[in-house]
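Below are the chains, spelled out letter by letter.
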Amino acid sequence: MSTVIYISNKQIQVVTASGSGPKAKPKMAYTMASPEGSVINGMIMDPDALAPFIKGFFAHNKLSTKDVSLVINSSKIAGKRIELPPMSHNKTMDFVAREFNDVTRDDTVPIFAYTDLAVEKGSKIKKVYAESIDSEFIKDYIALFNDAGITLKGIYSSEGVMIRMIEQSAGKRCKNFVVQIADDNMLTNVLWADGNFVYYSGQRCFNEPGTEEYMEECVRALSQLTQFMKANQMETPIQNIFVAGIKGLDIDVYRQLTSSSRIDAAVEWFDCGLSQKVKRRFDLTAVLPVLAGLFGEDKTNNLLTNFNLKKKQKKVDAFWKKSIILISLIFIIMLGITILVNVKKNQLEEELDRVQTYNENPATMMQLALYDTAVEEIKEGSDRYNSYVNVKNAVETFPIFNEKIREPLERCAVGYAEIEITSFDAVAGSLSFTANSERVQDINKFIARIQEESIFSSVSYSGYSINAKDNSWNIHVTCILAESAGR
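Residues numbered from 1 in each chain as written. Predicted model: local features only at pLDDT ≥ 70, side-chain atom pairs only at ≥ 80, totals over all residues. Heavy atoms only, no water.

Draft legend 1. Up close: the overall build of the protein chain. Regarding its fold elements, the protein chain presents 14 helices and 19 strands. For a compact globule of 487 residues, the expected C-alpha radius of gyration is about 23 Å, and the protein chain comes in at 31 Å, more than 25% above that figure. Across its three principal directions, the C-alpha atoms of the protein chain cover 120 × 65 × 45 Å. Within the span of the protein chain, comprising 487 residues, buried residues form 41% of the whole. Counting only contacts in the protein chain whose residues sit at least 6 apart along the sequence, the fraction spanning at least 24 positions is 64%. (Helix = DSSP H or I, 4+ residues; strand = E, 2+ residues; numbered from the N terminus. Rg over C-alpha atoms; globule rule 2.2 N^0.38 Å. Buried < 20%, exposed > 50% of the residue type's maximum accessible area, 1.4 Å probe, protein only. Contact = heavy atoms within 4.5 Å.)

Written as structure tokens, this is what we have:
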């Protein structure tokens, strides 16, 4: 029996289970709120409050303090999808370390990990989801659980284990889909295209889960993913949307909202494949972040293992530094005593000359220079492309004035009011027009029709006044256009 604990922000999740992956058998699941302000964005802010809280929770529920895995959700853990030639674990780790050179600061000691991604059979390319985190971040968690009297066997990033869980469930059934998983006020969005993991994002939601405003936030996240796909020239549309963990979600309403946002995809609950084993003991969809820890545990993405390895390497390096100094002193003394040592010295010098000649070979130096140049050009091109995409996405959020805006407005006024469009402000998103009606009873009908139009994010109606010239009624209304209206 193993235990997995998940820590993100306010919510802490725990699950006990036997086995792993699709064959795992969850026994019990728990959800509790962490002490106020003790954890923010996965970072430990108040260990003196959090350690006794976790220790007391394990003791109260009689959970084993051995064989415990920790899953952390934090934006401090940097991640990226990488394609590389097939190579050994050690060479892959070296490759990953080079990939994060642009985000590693001199005053930090980074820890690296990666999760293998599925590839087509016979493929000559290896795909991984690589991650990097400051070793001090991991050190804080090790100290926390030591204070709580809990022995950790592994520390994993939520992103890596979540991707692995989706890969082994929805990824085996569908090729183009999005998974949305809610964790308190955090929403995770994972995009799969053409049978491959493409993009992972997390965002904070500001509305109460289950409300229409909350669901609209979730739909906006889907719209952003579709824009991302267009920007990256992904032609195949999203075919499925899997949701989980959203409290009070009316899935029929959510289907209507996605459809009204022009997202033509089947919406259904996400099933990680363990529902038959859990049955009704607890709500599986509410604890998916911690259940993901049962799918993704591997030596390649175990941050604790890599942290301990880094410490061991530091000790070995210190030992060898001292040893080299001692050996050099002994070698100098022996060199002046016997001719035999002089002969050995000459042999070593010849060997050194041979190795140095090889290293300074123009062909070797040229290959190294070409590699460095290619890496720099790829980085510059990627940065420039990302800047273009960001600018394009920002511009497309501004509304534009065209027939798509004029036609709904004129249609709303037919039979109720006469309108004349006077100005349009794309920056403010405001559309100004004059409106008057011959019959006062038609004013509210006109306003109601405008408020139903999706091109407006808000319609402010402040009343009406009589026009003494022709006994008509002037309508006082201000309209703010919705994001990307007219496109």
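Draft legend 2. Highlighting the sheet that holds strand β6 (residues 68-72). Here we have five strands laid out as an open sheet, ordered β3-β2-β1-β6-β10, and mixed in their pairing. At either end of the open sheet lies a strand with only one pairing partner, and these are β3 (25-33) and β10 (152-157). Taking each pair of neighbouring strands and ignoring which way they run, the sheet shows an average axis angle of 20°. Both strand β1 (residues 2-7) and β6 contribute to a ladder of five bridges, which runs parallel. Residue pairing for β6: T3 is matched across the bridge by V68. (Pairing = 2+ DSSP bridges. Axes fitted to C-alpha atoms, helices over the stretch in contact; angles between N-to-C directions.)

Draft legend 3. Just the nonpolar core, in detail. Formed by 39 residues in total, the largest nonpolar core has its most connected members in M165, I166, F270 and L288. Contributing elements (two or more residues each) for this core: β1, β2 (11-18), α4 (158-167), β11 (177-183), β12 (186-193), β13 (196-204), β14 (240-244) and α9 (288-291). A total of five residues in this core trace back to one element, the largest contributor, which is α4. Among residues more than four places away in sequence, those in contact with L288 are Q13, M165, I181, A244, F270 and C272. (Core = buried A, V, L, I, M, F, W, Y, C linked by side-chain atoms within 4.5 Å.)

Draft legend 4. Inspection of the sheet that holds strand β8 (residues 110-117) at higher detail. Spatially, the three strands line up as an open sheet ordered β7-β9-β8, and their pairing is antiparallel. Edge positions in the sheet fall to β7 (78-84) and β8, since each of these pairs with one other strand and no more. Looking at each pair of strands side by side, their axes are set apart by 25° on average, direction ignored. Pairing analysis gives eight bridges linking β8 to strand β9 (residues 126-134), with the strands arranged antiparallel. Residue Y114 lies in a different strand from β9, and its bridge partner there is A130. Sheet contacts for helix α3 (residues 135-147): β8 and β9; angle to β9, the most-contacted strand, approximately 75°. Against the sheet, α4 touches β8 and β9, its axis set at about 5° to β8.

Draft legend 5. The arrangement of the packing of helix α13 (residues 403-413) against helix α14 (residues 443-451) in detail. At their nearest, the axes of α13 and α14 sit 8 Å apart, and the two run at 150° to each other. With respect to each other, α13 and α14 are oriented roughly antiparallel. By crossing handedness, the relation of α13 to α14 is classed as right-handed. Residues L409, R411, C412 and A413 of α13 lie in contact with α14, whose contacting residues are F446, R449 and I450. Looking at the contact of α13 with α14 residue by residue, the class counts come to five nonpolar, no polar and two charged. (Parallel < 35°, antiparallel > 145°, perpendicular 65-115°, else oblique. Left-handed = near helix turned anticlockwise from the far one by under 90°. Nonpolar A, V, L, I, M, F, W, Y, C, P; charged D, E, K, R; others polar.)

Draft legend 6. A look at α13. Of the residues making up α13, those classed as buried are I405, P408, L409, C412 and A413. Take α13 and look down its axis: the buried residues cluster within an arc of 135°, on one side only. The elements touched by buried residues of α13 are β16 (418-425), β17 (430-437), α14, β18 (456-467) and β19 (472-481). (Arc of directions from axis to C-beta.)

Draft legend 7. Structural detail: the environment of C174. With respect to the helices and strands, the residue C174 is situated in the loop between α5 (170-173) and β11. Its relative accessible area of 13% is what places C174 among the buried residues. Spatially, the C-alpha atoms of C174 and N196 are 10.0 Å apart, while their sequence positions differ by 22 residues. Other than its neighbours up to four places away in sequence, C174 contacts N240 and F242.

Draft legend 8. View of the packing of aromatic side chains. All chains considered together, the criterion is met by 12 aromatic pairs. Where F177 meets F242, the ring centres are 5.6 Å apart and the plane angle is 75°; that geometry is what we call edge-to-face. With a gap of 65 residues between them, F177 in strand β11 and F242 in strand β14 connect regions that are remote in the sequence. You'll find F177 and F242 in the same group, each marked buried. Ring pairs connect the aromatic residues Y129, F177, W192, F197, F242 and F270, which therefore count as one cluster. Between the NZ or CZ atom of K80 and the centre of the ring of F100, over which it lies, the distance is 5.1 Å. (Phe/Tyr/Trp six-rings, centres within 6.5 Å; stacked < 30°, edge-to-face > 60°. Lys NZ or Arg CZ within 6 Å of the ring centre and 35° of its normal.)

Draft legend 9. Expanded view of the pattern of salt bridges. Taken as a whole, this structure holds 11 salt bridges when the rule is applied. Residue D252 pairs with R255 through a salt bridge whose shortest N-O separation is 2.8 Å. Of this pair, D252 and R255 both sit in helix α7 (residues 251-260), separated by three residues, roughly a single helical turn. Look at D252 and you get partly exposed, because its relative accessible area is 46%. Of the residues examined, R255 reaches a relative accessible area of 34% and is grouped as partly exposed. For E453, the salt bridge is made with R411, and the minimal N-O distance between the two is 3.1 Å. Here E453 is found in the loop between α14 and β18, whereas its partner R411 is found in helix α13, with 42 residues between them in sequence. In this structure R411 comes out as partly exposed when scored by relative accessible area, which is 36%. (Salt bridge = Lys/Arg side-chain N within 4 Å of Asp/Glu carboxyl O.)

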